Amino acid sequence: MIRKLRTGTFHTGMTLLSLLWLAPVLWVVVMSVRSFDDIATNGVGSLPHSFTLDTYRQAWTDGGELRALVNSLLVTVPSVLLSLGLAAVAAYALSRYRIPGRRTILLLMLAGNLLPPQILLIPVQKFSELTGLYDTLWALIAVQVGFGLGFYTFVLHGFMRDLPGEIQEAATIDGAGPAQIFARVMLPLTRPALAALGALSFTWIFNDLLWAITVLRTDDRMPVTPALLALQGQFVSSWNVIAAGTVIAAVPTVAVFLRFQRHFISGLAIGAVK
Amino acid sequence: MSVSTIAETAGTETSTVAGTPRRRRRSQRLSPLLVAFVLVPFAVESIWVFWPALQGFWFSLTSWDGQTPPEFIGIDNYAELAGDATFRGALVNTVIWLVLFGGLSVVGGFGMALLLQRERRGVGFYRAALFTPVVFSLVVTALVWRVFYQPDGVADQILRAVGLEHLVRAWLADPQTALYAVILPALWRQIGYVMVLFLAGLKAIDPALHEAARVDGANGWQRLWRVTIPQLKGVNAVVLSVIVIDSLRSFDIVWSLTRAGPYHSSELLSTYMYSAAFQSLRLGYASAIAVVIFVLALAVILGYLVRAFREEA
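Computed from a prediction, not measured in an experiment: that's the story for all the values here.

Trainee: What exactly am I supposed to notice about the overall build of chain A here?
Mentor: Scanning chain A from N- to C-terminus turns up 14 helices and zero strands. Reading the helices (α) and strands (β) of chain A from amino to carboxyl end gives α-α-α-α-α-α-α-α-α-α-α-α-α-α. Taken over C-alpha atoms, the radius of gyration comes to 23 Å for chain A, far larger than the 19 Å a tight globule of 274 residues would show. With respect to the principal axes defined by its C-alpha atoms, chain A has extents near 75 × 70 × 30 Å. Considering only contacts in chain A between residues 6 or more positions apart, those separated by 24 or more positions represent 78%.

Right, here's the structure in full:
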């Protein structure tokens, strides 16, 4: 009896808390389909009295979200692939071979990722101006790759180090060189860690604001996160359009999360138990 | 922690394998491909992280507007910081941010992890609900909450509904409440993240320890303090590092909700650094603020690295 009561309390409490947690999100989704007149007459906090998808059209074309999403993907996809690729080869060499000073190199790379980005902002901006990359998506890709590398290398190193040495031995005896062992043996075995880091880094890079506004200036080149801030300025009191823009900006990361949910969570957990 | 024990044993095994025949070791060391495998990523990080970081320290000793060449002025920037009221306010706000945002997300995340650690019906949904905000960018989070704080928005309506009209105010535009109104959305997003970290840690605790404690007559509270929390030592260190680093980095949410205003009331060191650099174009002065952020983060990073190093050894 007491047990039943406790279970009941637990589920009631948690259901309420979960709904409370999701309420702001649901609210924004509902608001994004309300008409301007509805919000003007009934207020931001009221229940919907109208339904329109025109808000999405406005955010998508007038607000430039389409172009911003394209920019975001043009930055995010190459950044994720490049940084994971570079991190994987570095982690492989550092974890499977006796590279002199490997521990120092690994920790130095990790330390670089833990630096507060503020100390890098001015030099990175000046350096991108110097190299002519300023205000191009290349600059953003380069800085995302450089800044993320340390952490990905550290995590992949931990993962590769734990793979049994016999596999590598066997491949070496069969005459495989380091490159073949990496491509044929190590990479397939590292797939779970790569998937986890891929899902995580996609969200991190896609959601970034600070690097984008540091190395980009032109509105047309901004990815979706800074573009959303601009949208807020453009549609000052059109809360429905801003809400629609917010939903559009959130959809890609939510999709990645839902698709790779297990990897995503295990990726965060890798950091915790390592 | 069981996970790290596995890692350690596996680690020793690998190093013996890699180390046995001496001549193979030498031929491996000479492989130019492996050298490139390490050097290329390291060079990329050097160009975009290590070198800029060193430059950052140098710039903090200069007066620079970004147009004319930087001019060396010694520690004048730091001397000016000491007397800058805005800087002091930002420092105090950063400490408040660290304590409230950090403390509450640890308490909330740990509490939720304890409640949701046992696999039972519905737990998957509850975890997913708490975790959902983590995938949103901080700008998305800010816009979601902006609606909530609007004059006559949801917050005000709730207060009116429960008869607390006198509390209604312009949450983000009132210097007394702006900082706290920004912390709340940040917490909403962070708690699920911290919860996942603790869930992973709780999962790694050997259930036999709890069983033994229960047989010895320890109650739930005693088991929490004497078994669970000491067993989470490793995770606690990670959570602490994550929280401190995240707090010092916090920029997006403040920038999108209040632009550090009104009257610097929600100014953090990170936002002050950004506006000093890219709005006032005082690049040397901004670099000095960045160095202060770095020094604050350094203690934590060192702690983190010492731990990582110990595990590697």
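We are not done yet, so read on.
Trainee: What am I meant to see in the overall build of chain B here?
Mentor: The helix and strand tally for chain B stands at 15 helices and two strands. In chain B, which comprises 313 residues, the proportion classed as buried is 41%. Across chain B, contacts joining residues at least 24 apart in sequence account for 66% of those joining residues at least 6 apart.

Trainee: Honestly, the packing of helix α1 (residues 2–32) of chain A against helix α7 (residues 138–149) of chain B in this entry has me stumped. Any pointers?
Mentor: Axis angle and axis distance: for two packed helices, these are the angle between their axes and the distance between the axes, and together they describe the pair. α7 of chain B packs onto α1 of chain A with a crossing angle of 85° between their chain directions and a minimal axis gap of 9 Å. Our classification of the angle between α1 of chain A and α7 of chain B gives roughly perpendicular. Across from P24, V25, W27, V28 and M31 of chain A in α1 of chain A, the residues of α7 of chain B making contact are V144, W145, V147 and F148 of chain B. Split by residue class, the contact of α1 of chain A with α7 of chain B holds nine nonpolar, no polar and no charged.

Trainee: Would you take a moment to explain the UniProt feature "transmembrane region" (unreviewed entry) in chain A for this structure?
Mentor: All names here are of chain A. UniProt records the feature "transmembrane region" (unreviewed entry) for residues 73–94, 106–124, 136–155, 194–216 and 236–258 in the present numbering. Counting secondary structure, residues 73–94 comes out at 100% helix and 0% strand; the distance between its end C-alpha atoms is 31 Å. The span residues 194–216 is 87% helix and 0% strand, and its two end C-alpha atoms sit 29 Å from each other.

Trainee: How do you make sense of helix α13 (residues 239–259) of chain A when you look at a structure like this?
Mentor: For an α-helix, 3.6 residues make a turn, and residues three or four places apart therefore share a direction. All names here are of chain A. With 21 residues, α13 should reach 30 Å at 1.5 Å per residue; the first-to-last C-alpha distance of 30 Å fits that figure. Along its length, α13 reaches its greatest deviation from straightness, about 35°, at V251, and the proline P252 lies no more than four positions downstream. Counting buried residues along α13, 15 of its 21 residues qualify, which places the element largely inside the surrounding structure.

Trainee: When you look at the nonpolar core in this model, what are you seeing that I'm missing?
Mentor: Burial of nonpolar side chains together is a common tendency in soluble globular proteins. The biggest cluster of nonpolar side chains holds 175 residues, and the ones touching the most others in it are L140 of chain A together with V196, L197, M273 and I289 of chain B. Non-local contacts of I289 of chain B, meaning those with residues more than four positions away in its chain, are made with L81, F87, L269, Y272, M273 and A276 of chain B.

Trainee: Explanation requested: unusual backbone geometry in the structure shown.
Mentor: Glycine aside, the phi torsion of most residues is negative, and most peptide linkages are trans. Within the chain, R259 of chain B stands out as a residue other than glycine whose phi angle is a positive 50°. As for its position among the elements, R259 of chain B is in the loop between α13 (252–257) and α14 (269–278).

Trainee: I would appreciate a short explanation of helix α3 (residues 54–62) of chain A in the present structure.
Mentor: All names here are of chain A. Among the residues making up α3, those that are buried are T55, Y56, Q58 and A59. The buried residues of α3 occupy one face: seen down the axis, they fall within an arc of 160°. Exposed residues lying more than 90 degrees from the buried face of α3 are T61 and D62. Packed against the buried residues of α3 are α1, α4 (65–96), α12 (224–234) and α13. Two residues or fewer after α3 comes G64, characterised by a positive phi angle close to 75°.

Trainee: Would you explain the environment of G267 of chain A in this entry?
Mentor: Residue and element names in this part refer to chain A. Of note, G267 is situated in helix α14 (residues 261–273). G267 gets classed as buried once you count the C-beta atoms within 10 Å, which come to 23. For G267, the contacting residues outside a window of four places in its chain are A196, L197, A199 and L200.

Trainee: Which parts of the structure should I look at to understand the domain arrangement of chain A?
Mentor: Many authors give the size of an interface as the accessible area that is lost as the parts come together. Residues and elements named next belong to chain A. Splitting chain A by domain gives domain 1 (2–56) and domain 2 (60–273). The straight-line distance from the C-alpha centre of domain 1 to that of domain 2 is 33 Å. Of the residues lining the interface, eleven residues belong to domain 1; the matching set on domain 2 comes to nine residues. Of all the secondary-structure elements, those providing two or more residues to the side of domain 1 that touches domain 2 are α1, α2 (36–42) and α3. Tallied by class, residues from the side of domain 1 that touches domain 2 come to seven nonpolar, three polar and one charged.

Trainee: Which parts of the structure should I look at to understand the packing of helix α5 (residues 85–115) of chain B against helix α9 (residues 178–203) of chain B?
Mentor: Residues and elements named next belong to chain B. Between α5 and α9, whose axes approach to 7 Å, the crossing angle comes to 40°. Classified by the angle their axes make, α5 and α9 are oblique. Crossing handedness for the pair α5 and α9: right-handed. Classifying every residue of the contact of α5 with α9 by side-chain character gives 19 nonpolar, five polar and no charged.

Trainee: What's the story with the UniProt feature "domain: ABC transmembrane type-1" (unreviewed entry) in chain A in this structure? I'm lost.
Mentor: As recorded in UniProt, the sites labelled "domain: ABC transmembrane type-1" (unreviewed entry) are residues 69–260 of chain A. Helix makes up 81% of residues 69–260 of chain A and strand makes up 0%, while its end C-alpha atoms are separated by 20 Å.

Trainee: Explanation requested: the confidence of the model for chain B in the structure shown.
Mentor: Interpretation of this model should avoid reading the predicted coordinates in detail wherever pLDDT is low. Residue and element names in this part refer to chain B. With 87% of its residues at a pLDDT of at least 70, chain B reaches an overall mean of 83. Across residues 1–28, confidence stays below pLDDT 50; counting only partners more than four residues off in sequence or on other chains, it has 29 contacts. Predicted complex metrics record ipTM = 0.88 and pTM = 0.86.

Trainee: How do you make sense of the environment of V185 of chain A when you look at a structure like this?
Mentor: Residues and elements named next belong to chain A. With respect to the helices, strands and loops of the structure, V185 is situated in helix α9 (residues 178–189). Considered as a pair, V185 and S128 are 57 residues apart in the sequence and their alpha carbons are 38 Å apart. The residues contacting V185, other than those within four sequence positions of it, are I167, Q168 and A171.

Trainee: Whenever I open this one, the environment of L47 of chain A confuses me. Can you help?
Mentor: Relative to the elements of secondary structure, L47 of chain A occurs in the loop between α2 and α3. The spatial distance from the C-alpha of L47 of chain A to the C-alpha of R34 of chain A is 9.4 Å, given a sequence separation of 13 residues.

Cut-off values and rules
Residues numbered from 1 in each chain as written. Chains lettered and ligands numbered in written order. Predicted model: local features only at pLDDT ≥ 70, side-chain atom pairs only at ≥ 80, totals over all residues. Helix = DSSP H or I, 4+ residues; strand = E, 2+ residues; numbered from the N terminus. Rg over C-alpha atoms; globule rule 2.2 N^0.38 Å. Contact = placed C-beta atoms within 7 Å. Buried ≥ 20, exposed ≤ 12 C-beta atoms within 10 Å, placed from the backbone. Axes fitted to C-alpha atoms, helices over the stretch in contact; angles between N-to-C directions. Parallel < 35°, antiparallel > 145°, perpendicular 65-115°, else oblique. Nonpolar A, V, L, I, M, F, W, Y, C, P; charged D, E, K, R; others polar. UniProt positions renumbered as here; feature names shortened; annotations may be inferred. Expected span 1.5 Å × (residues − 1). Bend = angle between axes of the 7 residues up to and from the residue. Core = buried A, V, L, I, M, F, W, Y, C linked by C-beta atoms within 7 Å. Arc of directions from axis to C-beta. Domains from an automatic or database assignment. Left-handed = near helix turned anticlockwise from the far one by under 90°. pLDDT = per-residue confidence, 0-100.

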